[in-house]
Amino acid sequence: MINRVLIRVKVVQMLYAYMVSKDAMTLANAKKELQKSLDKSYELYNALLQLMIDLTDVQELRLDEAKHKFLPTEEDLNPNMRFVENEFVQKLRADLTLADFVAENKINWRDDELFMRLLLDKILRSEEYQEYMEMPKTTLIRDGEVWYQLMKKVVLVDDNLLEHLQSMSVFFTDDDLQIMGEFVLKTIRRFEDGEEAPILPQFKDDEDSHFGEQLLVKIVAEMEENNAFIDKFVPADKWDTERIALMDRLVMCAALTEMRNFPSIPVNVSLNEYIELAKDYSTPKSGQFVNGILNAVVKQLRADKVIVK
């Protein structure tokens, strides 16, 4: 469920932290921090699922409070309960896998009442909510679909959500929110389809669960050798090897280590992923630079039979 795209991001981020603070961080500590970061990503996935339940509870409480106003209106006394009785949310609430994880990790959105009420107000004003509440009748599919659209168009793009998440944990980043948000949307579909176990596991398989740590350790072990490959193909008339951005070097070292040590991953997949990482996390020209150097190194390594896939 935590895919290799996010794992690569976490590995490169941790590699950077390790390289700039070698005196303060051992490789063992870096591995622990990497695992903690991956664990927090999965916590975010579960927290976003729980958010739908907690928002529903806030609305139910709001409707109940309206009934007990000094002068309640007819609408206050007989509210439309469709949103709070949403069948998808009921199934989500009853899922023991989610419930156990939420309880064990003490996930709770209700503590920040202002954030929850502001987010709920945006939901109640949305076209998706209005159309849903005006439907003649609903089904599990429609109940899931409204939350799919609300999460996609209102919740996950809310300006305050990332800020709120980062106040909860320094490990919650924009990358985490984007990728975990995609898996939350997939999970809603799994509920709609009646999947027996709709909550996704932390990793797809055992190989993925060890991928991050194995990659980090191998990158560090092969750093000197990979840097030698890189320097060999840096055009001396255009670039000073001493002035290559650290992040560019780390991205290229990570890419070369992955291509040399993980035969099940196609070379083009590794190249594309790390070029995108360079674009996102280094300088404006890094994507083009990393692309050129990596392709030259890979061509040589294939000729030398170092890379045979």
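Residues numbered from 1 in each chain as written. Predicted model: local features only at pLDDT ≥ 70, side-chain atom pairs only at ≥ 80, totals over all residues. Heavy atoms only, no water.

(A) Representation of a nonpolar patch on the surface within the structure. On the surface, Tyr 16, Val 20 and Leu 246 cluster together into a nonpolar patch covering about 240 Å² of accessible area. Looking at the secondary structure, you find Leu 246 in helix α12 (residues 246-261). The partly exposed category is assigned to Leu 246, whose relative accessible area is 34%. (Patch = residues over 30% accessible without salt bridge, like charges linked within 9 Å, V, L, I, M, F, W, Y side chains within 5 Å. Areas by Shrake-Rupley, 256 points an atom, 1.4 Å probe, with all protein chains shown as cover. Salt bridge = Lys/Arg side-chain N within 4 Å of Asp/Glu carboxyl O. Helix = DSSP H or I, 4+ residues; strand = E, 2+ residues; numbered from the N terminus. Buried < 20%, exposed > 50% of the residue type's maximum accessible area, 1.4 Å probe, protein only.)

(B) Region of the structure containing the side chain of Ser 270. Topologically, Ser 270 is positioned in helix α13 (residues 267-281). Residue Ser 270 is classed as buried on the basis of its relative accessible area of 0%. Of note is the side chain of Ser 270, whose polar atom sits 2.7 Å from the side chain of Glu 258. (Polar contact = N/O pair within 3.5 Å; in protein donor to acceptor, adjacent residues only side chain to side chain.)

(C) Up close: α13. In this model, α13 (15 residues) spans 21 Å end to end at C-alpha, consistent with the 21 Å of a helix rising 1.5 Å per residue. Within the sequence span of α13, burial applies to Val 267, Ser 270, Leu 271, Tyr 274, Ile 275, Leu 277 and Ala 278. Down the axis of α13, the buried side of the element spans an arc of 155 degrees, and every buried residue falls inside it. Opposite the packed face of α13, turned more than 90 degrees from it, sit the exposed residues Asn 268 and Asp 280. In this fold, the buried residues of α13 make contact with α1 (4-20), α11 (206-232), α12 and α14 (286-303). (Expected span 1.5 Å × (residues − 1). Arc of directions from axis to C-beta. Contact = heavy atoms within 4.5 Å.)

(D) Spotlight on the packing of α11 against α12. α12 packs onto α11 with a crossing angle of 110 degrees between their chain directions and a minimal axis gap of 7 Å. In terms of orientation, α11 lies roughly perpendicular with respect to α12. Contact with α11, carried on its side by Phe 211, Leu 215, Lys 218, Ile 219, Glu 222, Met 223, Glu 225, Asn 226, Asn 227, Phe 229, Ile 230 and Asp 231, involves Arg 249, Leu 250, Met 252, Cys 253, Ala 254, Leu 256, Thr 257, Glu 258, Arg 260 and Asn 261 of α12 and no other residues of that element. Its residues assigned to classes, the contact of α11 with α12 comprises 11 nonpolar, four polar and seven charged. (Axes fitted to C-alpha atoms, helices over the stretch in contact; angles between N-to-C directions. Parallel < 35°, antiparallel > 145°, perpendicular 65-115°, else oblique. Nonpolar A, V, L, I, M, F, W, Y, C, P; charged D, E, K, R; others polar.)

(E) Inspection of the nonpolar core at higher detail. Counting residues in hydrophobic clusters, the biggest one holds 102 residues, and the most contacted among them are Tyr 45, Trp 147 and Met 180. For Met 180, the contacting residues outside a window of four places in its chain are Met 1, Ile 2, Leu 6, Ser 41, Leu 44, Tyr 45 and Leu 48. (Core = buried A, V, L, I, M, F, W, Y, C linked by side-chain atoms within 4.5 Å.)

(F) Quick peek at the pattern of salt bridges. Counted by the stated rule, this structure contains 19 salt bridges. Residues Asp 208 and Arg 4 are paired through a salt bridge, measuring 2.6 Å at the closest nitrogen-oxygen approach. With Asp 208 in helix α11 and Arg 4 in helix α1, this residue pair connects regions lying 204 residues apart in the sequence. The class of Arg 4 is buried, set by a relative accessible area of 16%. With its nearest N and O atoms 2.9 Å apart, the salt bridge here joins Arg 93 to Asp 57. Taken together, the positions of Arg 93 in helix α4 (residues 87-94) and Asp 57 in helix α2 (residues 27-67) put the pair 36 residues apart, joining distant regions of the chain. Sharing partners across several salt bridges, the network here consists of Arg 4, Glu 207 and Asp 208.

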